[in-house]
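# What the coordinates show
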2 protein chains.
Amino acid sequence: MTAPGGTGEHGDTRGRDAGQGPARAVPPSTVARLPGYLRALHALAAEGAVLTSSDELAARSGVTSAQLRKDLSFLGSYGRRGVGYDVAHLSERVEVVLGLTTQRRVVIVGIGNLGHALANYSGFADRGFAVVGLVDADPDVVGTTVAGLTVQPFAELAGLVSGTGATIGVIATPAAGAQVVCDALVDAGVVGILTFAPRALRVPAHVDVRAVDVASELQILAFHDRRRTGTWEV
Amino acid sequence: MTAPGGTGEHGDTRGRDAGQGPARAVPPSTVARLPGYLRALHALAAEGAVLTSSDELAARSGVTSAQLRKDLSFLGSYGRRGVGYDVAHLSERVEVVLGLTTQRRVVIVGIGNLGHALANYSGFADRGFAVVGLVDADPDVVGTTVAGLTVQPFAELAGLVSGTGATIGVIATPAAGAQVVCDALVDAGVVGILTFAPRALRVPAHVDVRAVDVASELQILAFHDRRRTGTWEV
DNA sequence: TAGATTGTTAATCGATTAACAATC
DNA sequence: TAGATTGTTAATCGATTAACAATC
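Fair warning: this is a prediction, and the values are worked out from it, not measured in the lab.

Attention now moves to the sheet that holds strand E9 (residues 168-171) of chain A. All names here are of chain A. Read across the sheet, 6 strands follow the order E8-E5-E4-E9-E10-E11 without closing on themselves; strand pairing throughout is parallel. For this open sheet the edge positions go to strand E8 (152-153) and strand E11 (208-211), each flanked by a neighbour on one side alone. Inspection of the sheet shows strand E4 (residues 104-109) paired to strand E5 (residues 129-136) by 6 bridges, in the parallel sense. Of the residues in E5, the one forming a bridge with Val 107 is Gly 133. Taken strand by strand, helix H8 (residues 175-188) contacts E4, E9 and strand E10 (192-195), and its axis lies near 170 degrees from that of E9.

Here we come to the interface of chain B and chain A. Between chain B and chain A, the contact holds 77 residues from the first and 71 residues from the second. Taken together, the two surfaces of chain B and chain A that pack against each other cover about 6700 Å², and 62% of this comes from carbon and sulfur. For the chain B face of the interface with chain A, the top three residues by lost area are B:Leu218, B:Gln219 and B:Leu221, together amounting to 11%. At the junction of chain B and chain A, the tally comes to 8 salt bridges. With a shortest N-O distance of 3.0 Å, A:Asp213 and B:Arg127 are connected by a salt bridge. Applying the counting rule to chain B against chain A returns 19 residue pairs in polar contact (both at pLDDT 80 or more).

A word on unusual backbone geometry. Even without glycine at this site, A:Ala147 takes up a positive phi of about 50 degrees. Here A:Ala147 lies in the loop between strand E6 (145-146) and strand E7 (149-150).

With that settled, the discussion passes to the protein's contact with DNA strand D. Close to DNA strand D lie 25 residues, the nearest being A:Arg33, A:Arg81, B:Ser54, B:Gly79 and B:Tyr85. Here the atoms of DNA strand D within 4 Å of the protein split so that 66% fall in sugar or phosphate, with bases taking the remainder. Contact distances for DNA strand D include 3.0 Å between a base oxygen and a side-chain N or O atom of B:Arg81. At a separation of 3.1 Å, a sugar or linking oxygen of DNA strand D approaches a polar backbone atom of B:Gly82. Contributing elements (two or more residues each) for the surface near DNA strand D: helix H1 (28-46) and helix H3 (65-73) of chain A together with helix H3 (65-73), strand E2 (79-80) and strand E3 (84-86) of chain B. Across the surface near DNA strand D, the residue classes tally to 6 nonpolar, 10 polar and 9 charged.

About the thresholds
- The numbers attached to residues start from 1 for each chain and follow its sequence in the written order.
- The lettering of chains begins at A and the numbering of ligands begins at 1, in the order of writing.
- For this predicted model, a pLDDT threshold of at least 70 governs which residues receive local features, and a threshold of 80 or more governs which side-chain atom pairs are given and counted, while totals over whole chains, interfaces and linings are taken from all residues.
- With hydrogens and water excluded, all non-hydrogen atoms of the structure serve as input to the side-chain values.
- DSSP-based pairing: two strands are paired if at least 2 bridges between them are found.
- Counting from the N terminus, the helices are DSSP H or I runs at least four residues long and the strands are E runs at least two residues long.
- Note on contacts: a residue pair is in contact if any heavy atoms of the two residues lie within 4.5 Å.
- Axis definition: a line fit to C-alpha positions, over the contact stretch in the case of helices; interaxial angles, taken between N-to-C directions, run 0 to 180 degrees.
- When two parts are brought into contact, each loses some accessible area as probed by a 1.4 Å sphere; the total of that loss over both is the buried area.
- Criterion for a salt bridge: a side-chain nitrogen of Lys or Arg within 4 Å of a carboxyl oxygen of Asp or Glu.
- The term polar contact refers here to a pair of N or O atoms within 3.5 Å; inside protein, the definition further demands a hydrogen-donor-capable atom paired with an acceptor-capable atom, and it admits residues adjacent in sequence only when both atoms are side-chain atoms.
- A cutoff of 4 Å decides nearness: a residue is near a molecule or strand if any of its heavy atoms lies inside that distance of it.
- Asp, Glu, Lys and Arg are counted as charged, while Ala, Val, Leu, Ile, Met, Phe, Trp, Tyr, Cys and Pro are counted as nonpolar; the rest, among them Gly, fall into the polar class.

Shown next, in the form of structure tokens:
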């Protein structure tokens, strides 16, 4: 983690040339916070800020400045002691690390209420993603136009993924169909899956899954709620 | 994302009847997995299973059996060595710990595409929550009926929360309005907030916040995607 | 220079894993 | 009993925090 003999290399703007292999391992907990830093950086840029400090950026991201500096240290040395961070430069470095310099293509499977909302969500395009395909199993939904795209039948999934070069699949189907959809996405070649279906998915090791379950989130809130509102029932 | 320093209280109200386990503080990482165990338990019950094992339940939840047993040990000793766990009994214990024996009331603020989808989501009612109010700032939306509820203006938020006894607020507004909505929810008395707005929220220590940012989730997937699809740009 | 702020170190804290004694 | 499986312990691993030397 630490470059031994680090005093030898001068910082410069290019604190780390990423020529060979993974620059350094970025811990998962750090990776998970990078999008939040990027959001804060974009907000600062929009306000016209050129420089920021770990204190300011941390406050806007909802973390401590110690944690922010620690996280950024895994990416390299892009700040200047006594001065702070250049907003534009740091944004760019974070985007490079997250792999956002190329727009990733996304297909959404399950065009119900949630799939509809996701297909129309402008935040995807703003943050590096293009929704390039929509798929649903319901014949009544297939053929309709949502967010400018024609919904395709499930049988077209593989062709859609390979034809568009999509690397990420979003599952917005009911729980019952989620594993079948997941398997089809994996077979079609996606390497990342974001699922909203309340069910654990099995995937091969080379595929990354992130799961969002809104009811689970509420249940976690309920755990604390219980302690605060004095609702104890045993 | 929990509020920094947020859930630091260890009230450790030992509100548990003796049973067979010492009441201990349940670690946050364990609490976050309990909804997944509960989902798996309900699925087993629906299939008619009466008993289960840590191996089976763990496989269905997507964790290791060691982790499952460790997690459950914080709740008490509800299994039987050499036998396994009674599905119904364990479900009930998990529900008690999560505070799901009373139905929690939820208000949703921001009735756009996402708010619509959430209001209509049957998974809430199935898993312990009742959506009791909808609020929007847009006069064109106020007064419309969504999921059987009439959308109220923002000015009615406080009255709605106190009138219904809601303890949880869901924020489905654009990022720009999220902090104002959050402050209003807190003032109105909610103790838990689930936000979908891509912005860090500031809340007092007694309020718990969980944040879901779908674009951030995709960005985290992109980090791994980059390594797998060979898209290196540095 | 004097003041400010990073990047890194070391200490602490928490979570996961592996193994097995207890016990059904 | 013999086999199965939990609940717990101890070891490992990873993440967070605090402090400060480096340096702009």
